[in-house]
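Residue-level structural notes
Below are the chains, spelled out letter by letter.
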Amino acid sequence: MAKYPFDSIEPKWQRYWEEHKSFKASEDPAYPKEKRRYVLDMFPYPSANGLHVGHPEGYTATDIYCRYLRMKGFNVLHPMGFDSFGLPAENYAIKMGVHPAKTTADNINRFREQIKSLGFSYDWDRELATSGEDYYKWTQWIFLKLFEKGLAYEAESPINWCPSCKTGLANEEVVDGLCERCKTKVVRRRIRQWILKITAYAERLLADLDGLDWPEPVKQMQRNWIGRSEGANVSFKIDVQDVPSSGEKAEDLLLEIYTTRPDTLFGVTYMVLAPEHPLVERITTVEQKQAVAAYLDAAARKSDLERTDLAKEKTGVFSGTYAINPVNGERIPVWIADYVLISYGTGAIMAVPAHDERDWEFARVFKLPVVQVVSPVPPGEGSGKVEEVSACTAASGWAVNSGAFNGLPTGEAKAKITAWIEERGFGKRAVNYKLRDWIFSRQRYWGEPIPLVHCEKCGIVPLPEPELPLKLPEVQSYAPTGTGESPLAGIEGWVNVTCPSCGGPAKRETNTMPQWAGSCWYYLRYLDPRNDRAFAAKDKIDYWAPVDLYVGGVEHAVLHLLYSRFWHKVLYDLGLVNSSEPFIRLVNQGMITSFAYQRKDKILVPADRVEKTSKGFVEKDTGEELTEVIAKMSKSLKNIINPDEIVRDYGADSLRVYEMFMGPLEVSKPWSTAGLIGVSRFLERIWTTGEKCGARGGEEELSGEEMDRLTRLLHKTIKKVSGDTETLNFNTAISQMMIYSNELAKLAAVPRSLWEPLVLMLSVYAPHLGEELWEKLGHAGTVSASPWPSWDEKLTRESEVTIVVQVNGKIREKFTAPAGSSGEELKKTAAALPGIVKWTEGKTVVKVIAVPDKLVNIVVS
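Each value, and the rule that gives it
- Residues numbered from 1 in each chain as written.
- Predicted model: local features only at pLDDT ≥ 70, side-chain atom pairs only at ≥ 80, totals over all residues.
- Heavy atoms only, no water.
- Disulfide = S-S within 2.5 Å.
- Buried < 20%, exposed > 50% of the residue type's maximum accessible area, 1.4 Å probe, protein only.
- Pairing = 2+ DSSP bridges.
- Helix = DSSP H or I, 4+ residues; strand = E, 2+ residues; numbered from the N terminus.
- Core = buried A, V, L, I, M, F, W, Y, C linked by side-chain atoms within 4.5 Å.
- Contact = heavy atoms within 4.5 Å.
- Arc of directions from axis to C-beta.
- Polar contact = N/O pair within 3.5 Å; in protein donor to acceptor, adjacent residues only side chain to side chain.
- Phe/Tyr/Trp six-rings, centres within 6.5 Å; stacked < 30°, edge-to-face > 60°.
- Axes fitted to C-alpha atoms, helices over the stretch in contact; angles between N-to-C directions.
- Expected span 1.5 Å × (residues − 1).

Within this structure, the stated rule accounts for 0 disulfides. Among the cysteines around Cys165, which has no disulfide bond, Cys182 carries the closest sulfur, lying 3.7 Å off. A relative accessible area of 1% places Cys165 in the buried class.

In this section: the sheet that holds strand S3 (residues 152-162). One open sheet accounts for 4 strands, arranged S4-S3-S7-S17; its pairing is antiparallel. Because the sheet does not close on itself, it has two edges, and the strands there are strand S4 (167-169) and strand S17 (438-439). Alignment of S3 against S4, held across 3 bridges, turns out to be antiparallel. What sits directly across from Asn160, in S4, is Leu169.

All right, on to the nonpolar core then. Residues Trp438 and Trp567 are the most contacted members of the largest nonpolar core, which totals 173 residues. Setting aside anything within four residues of it in sequence, one finds Trp567 in contact with Thr139, Ile142, Leu146, Leu196, Trp438, Phe440, Ala517, Cys520 and Trp521. Listed in part, the 48 residues of the second largest apolar core include Ile257, Leu265, Ala274 and Tyr339.

The sheet contact formed by strand S8 (residues 228-238) and strand S11 (residues 317-324) spans 2 bridges and is antiparallel. Across the sheet, Ile238 pairs through a bridge with Ala323, a residue of S11. With 5 bridges connecting them, S11 and strand S12 (residues 331-336) associate as antiparallel partners. Paired with Phe318 across the bridge in S12 is Trp335. In this structure, the hairpin formed by S11 and S12 is closed by a connection of 6 residues, where Gly329 is found at a positive phi of approximately 75 degrees.

A word on helix H11 (residues 357-366). Turning to H11, its buried residues number three or more, namely Asp359, Trp360, Phe362 and Ala363. Each buried residue of H11 sits inside an arc of 165 degrees when the element is viewed along its axis, so together they form one side. In this fold, the buried residues of H11 make contact with strand S10 (270-273), S12 and strand S13 (348-351). Capping the start of H11, Asp356 holds a side-chain oxygen 3.1 Å from the backbone nitrogen of Arg358, two or three residues further along. Immediately downstream of H11, the backbone of Lys367 shows phi near 55 degrees, a positive value.

The subject of this paragraph is the packing of aromatic side chains. The full count for this structure, using the stated rule, is 43 aromatic pairs. Measuring from centroid to centroid gives 5.7 Å for Trp138 and Trp141, while their planes differ by 65 degrees, and the two rings are edge-to-face. One end of the pair, Trp138, and the other, Trp141, are both in helix H5 (residues 133-148), 3 residues apart, so they sit about a helical turn from each other. Like Trp138, the residue Trp141 is buried in the burial classification.

A few words now on the sheet that holds strand S21 (residues 505-508). Spatially, S19-S18-S21-S20 is the arrangement adopted by the 4 strands of the open sheet, whose pairing is antiparallel. Strands at the two margins of the open sheet, each flanked by one partner only, are strand S19 (459-462) and strand S20 (496-498). Pairwise comparison of adjacent strand axes, ignoring direction, gives a mean angle of 40 degrees for this sheet. Strand direction decides the pairing type here: strand S18 (residues 452-455) and S21, joined by 3 bridges, are antiparallel. Considered in S21, the bridge of Val453 is made with Arg508.

Time to look at helix H4 (residues 100-116). Its 17 residues place the ends of H4 24 Å apart at the C-alpha level, agreeing with the 24 Å of an ideal helix rising 1.5 Å per residue. Buried within H4 are the following residues: Pro100, Thr103, Thr104, Asn107, Ile108, Phe111, Gln114 and Ile115. Down the axis of H4, the sector holding all buried residues measures 135 degrees, keeping them to one side. Against helix H2 (54-71), helix H3 (87-96) and helix H18 (643-650) lie the buried residues of H4.

Printed below as a string of structure tokens:
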């Protein structure tokens, strides 16, 4: 078998594509709107580790789809860039002792080289990096639009703080109480922050999910994160006789809470404030000051996850003060407890221990009263009043111990009690969201400077647009200070400026933007990446936007996708984009996993500490037998597959085709080198088969029957590959091409009419091989400019079909019939079969059912 010389052919065609700008996109008005497609990959963060085999999976999928669309007559925009600002780049630069601008540029160069080696059809003229000054000028410009619209505000607030990264984190960047980046335990810290009012868009972010062609699990994750609920805001007066400050008025000391269960108001036996609640200091009695101060200090050391862990022992401290329950006038104690978060609702709750598990646990610890106000049984089936509660029941039921509302089912009780408190002025209907405003600033160097100045006379003043971009200053030290201030704060020559408004002395904002800022809108900059007058020209936005297909990992379901949708809606409201959503269709590729080796105690052992014996896998150091399992690739497990080595040893086309052949795109799949070798052999066979196809082909060497059979198989293959490529079912498309190519490989000479359509189809999957085979057929130029092959529907139908014959539903015979035979013909043939005669002889035929091209069912009695 002739060896396919991928090591010379692949660089040859990569040079050709680059020199001829084969995939450059332009806003050609000859293409109608329905013949334009914007296909986008989630752009990579250019880490020092370079690409791993997981990156090419999504990139290959979109590349195949884009090549297919171009051959189908579409104008396709398919760009690539780099998400190059943020913590990872800065941490790596600090570790290496090199400026992040240098390490980032080096990493981008390596990524670009690796991506190009895989033959992806990107329009490289549109390449961008979020850390480029010509790019972040417009990130700053968009921030100023948010500021002008009242959606960016400054506040001193408790935030998630990573002691290792020495910066604040958004809620979305904390996973299981740990920093998403470095896995350090997150603590709470109160510092000055810039915050974006994403909550102003909560309802639209939620409602507009319904119209998106996204995976349902991703939409559900966003719904859960937004967390819409309906209930009531209720005001409880603080009993001023308990308050230490004699100057406080009752109307000034209202404790507002949000509840989804206003029907349980009669069951409130205590109140709880979050430790950060502003009323804590005002209402704590002198006797409780010391205890409360100690508790607040302890609570500040815990993450939100620790505070809300249902399994942990409830802690709290009494403020010394009481509130008045507005529905029954009872005095109820006000406690301070860390299981209530300032970031949800109003930062205070009414506690109903009979019907809330957390309140129940707290009440048991501190021996607080419990009053049941919801009965699991309807009126008349019980006493209607319960004196002693032995367990918490959160379920709906019927109101008890609730005055005039007794006997009402929960839904009706909610509505009537809410209306009742609205009439009396101490409550109102409300909608609440779990979604919190976005902590936007970071106390680091490598990020977009926030284009604002602080003036004692004018307050916070935005930089004038002509002064953008506000560039990062050159610095000797960019390590985080850990004080809550950015390294920029120590650069006096950069910080001290003149106020753009009054001309007086002012100071620059020294916090920087998070990594997410640049990735919120990059898909728009691709439309017009060299424009220095706007982030993108309106005509180019109208030509391409929104993104038709967006492919990337499910790990971005909340963070990036939610933030992008928020910024896009703001731009839409400002009349700057042509759609309310940025991404019409989303596809999440599955993870490419690897084999790992597990001890009995479930601990995984690095692959280089494992050897294979006759007994199986064992740990070299201990001899312990190990179980082979599937796990995520990681440096610590030494099971990462380097794509550079695959390209070197097998070629880029083998890597591309193998990753698509592994299984459905959306499913996680384990890497198998044996599978890769199988795909490599398939491409070798294709190359060898191509040697059998001369300029004129070999039609004369085939019998008419054989030519007809292969022609029918070709048309079935074109139909199958077309449909599967259209729907991103690449593994089954490849399987069909394998079936067809295996038939051609058996021939002594391959007819050109049978071979050329296969080359066209294969070219979108294995483009280097496709280009070379196309050239060998005598064609000039790139195969990607050729039209996609078409099929004749008549030739995709079978000439003969197998008909199953059943008697009373059980298969008794089969026969072959011409495709399209009538039901009557099938019934006659079936009745005469010896096997059917045997099963029907002496019996009454009740009914005969014929399904053309499939079956005949004879019902006898």
